[in-house]
Amino acid sequence: MAEDLNDPLDDETWELRLYVAGQTPKSVTAVANLRKYCEQHLKGRYKLEVIDLLVNPQLAEGDQILAIPTLVRKVPEPIRKIIGDLSNEEKVLVGLDVRPVISK
């Protein structure tokens, strides 16, 4: 009987929320960086929701957002948060616990 060595995180759809405040340089940079990382490392396996707190400030309370931009990984659990413009790719990937995709 063959052992299944696939990581369950490989098949799961990642749910990410990025909280921003308008189109500030930090917010724009965070969105661009996150989209790039997701396409490189989670292509086809993620849902990204960008929440502008200038439009919907009440949404900050649910995820206890204290600073912006803040990225929240909702799924897979546990929930993780990263604050800042997400310019350091290595720190973002480690913070999200994203593992490199291994070609089969």
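See above for the structure.
Residues numbered from 1 in each chain as written. Predicted model: local features only at pLDDT ≥ 70, side-chain atom pairs only at ≥ 80, totals over all residues. Heavy atoms only, no water.

What follows covers helix 2 (residues 25-41). Compared with an ideal rise of 1.5 Å per residue, which puts 17 residues at 24 Å, helix 2 spans 24 Å between its outermost C-alpha atoms and is within 8% of the ideal. Looking at helix 2, one finds that the buried residues are Ser27, Ala30, Val31, Asn33, Leu34, Tyr37, Cys38 and His41. Where helix 2 is buried, its residues meet strand 1 (14-20), strand 2 (46-52), strand 3 (70-75) and helix 3 (89-96). (Helix = DSSP H or I, 4+ residues; strand = E, 2+ residues; numbered from the N terminus. Expected span 1.5 Å × (residues − 1). Buried < 20%, exposed > 50% of the residue type's maximum accessible area, 1.4 Å probe, protein only. Contact = heavy atoms within 4.5 Å.)

Another aspect to go through is the nonpolar core. A general tendency of soluble globular proteins is for nonpolar side chains to be buried together. Residues Leu16, Leu18, Leu34, Leu71, Leu86 and Leu96 are the most contacted members of the largest nonpolar core, which totals 17 residues. Those elements that provide at least two residues to this core are strand 1, helix 2 and helix 3. With five residues, the single largest contributor to this core is helix 2. Setting aside anything within four residues of it in sequence, one finds Leu96 in contact with Trp14, Leu16, Leu71, Arg73, Arg80 and Ile82. Judged by nonpolar contacts, the second largest core, of six residues, contains Tyr19, Leu53, Ile65 and Val72. (Core = buried A, V, L, I, M, F, W, Y, C linked by side-chain atoms within 4.5 Å.)

Next up on the list: the pairing of strand 2. Put simply, side chains in a regular strand alternate between the two faces of the sheet. The sheet contact formed by strand 1 and strand 2 spans seven bridges and is parallel. What sits directly across from Tyr19, in strand 2, is Ile51. In this view, the connection linking strand 1 to its parallel neighbour strand 2 by way of helix 2 has right-handed handedness. (Pairing = 2+ DSSP bridges. Right-handed = clockwise from strand over helix to strand, strands pointing away.)

Another point: the environment of Thr70. Position of Thr70 relative to the elements: it lies in strand 3. On the basis of relative accessible area, Thr70 is assigned to the buried category, the value being 2%. Taking the C-alpha atoms as reference points, Thr70 and Val20, separated by 50 residues in sequence, lie 7.0 Å from one another. Among the polar contacts listed, one links the side chain of Thr70 to the backbone oxygen of Ala67, at a separation of 2.4 Å. (Polar contact = N/O pair within 3.5 Å; in protein donor to acceptor, adjacent residues only side chain to side chain.)

Structurally, the position occupied by Arg73 is in strand 3. At 4.7 Å, Asp97 is the nearest oppositely charged side chain to Arg73, a buried residue that forms no salt bridge. For Arg73, the side chain forms a polar contact with the main-chain oxygen of Pro76, separated by 2.9 Å. At a separation of 2.8 Å, a polar atom in the side chain of Arg73 contacts the main-chain carbonyl oxygen of Pro78. The residues touching Arg73, leaving out its near neighbours within four places in the chain, are Trp14, Glu15, Leu16, Pro78, Ile79, Arg80, Leu96 and Asp97. (Lys, Arg positive; Asp, Glu negative; His and termini not counted. Salt bridge = Lys/Arg side-chain N within 4 Å of Asp/Glu carboxyl O.)

Across five bridges, strand 1 lies against strand 3 in antiparallel orientation. Paired with Leu18 across the two strands is Leu71, which belongs to strand 3. The sheet contact formed by strand 3 and strand 4 (residues 80-83) spans four bridges and is antiparallel. In the sheet register, Val72 faces strand 4, and the bridge partner there is Lys81. Hairpin remark: strand 3 followed by strand 4, antiparallel, with four residues in the connecting loop.

As far as function goes, none of this settles anything; it's purely spatial.
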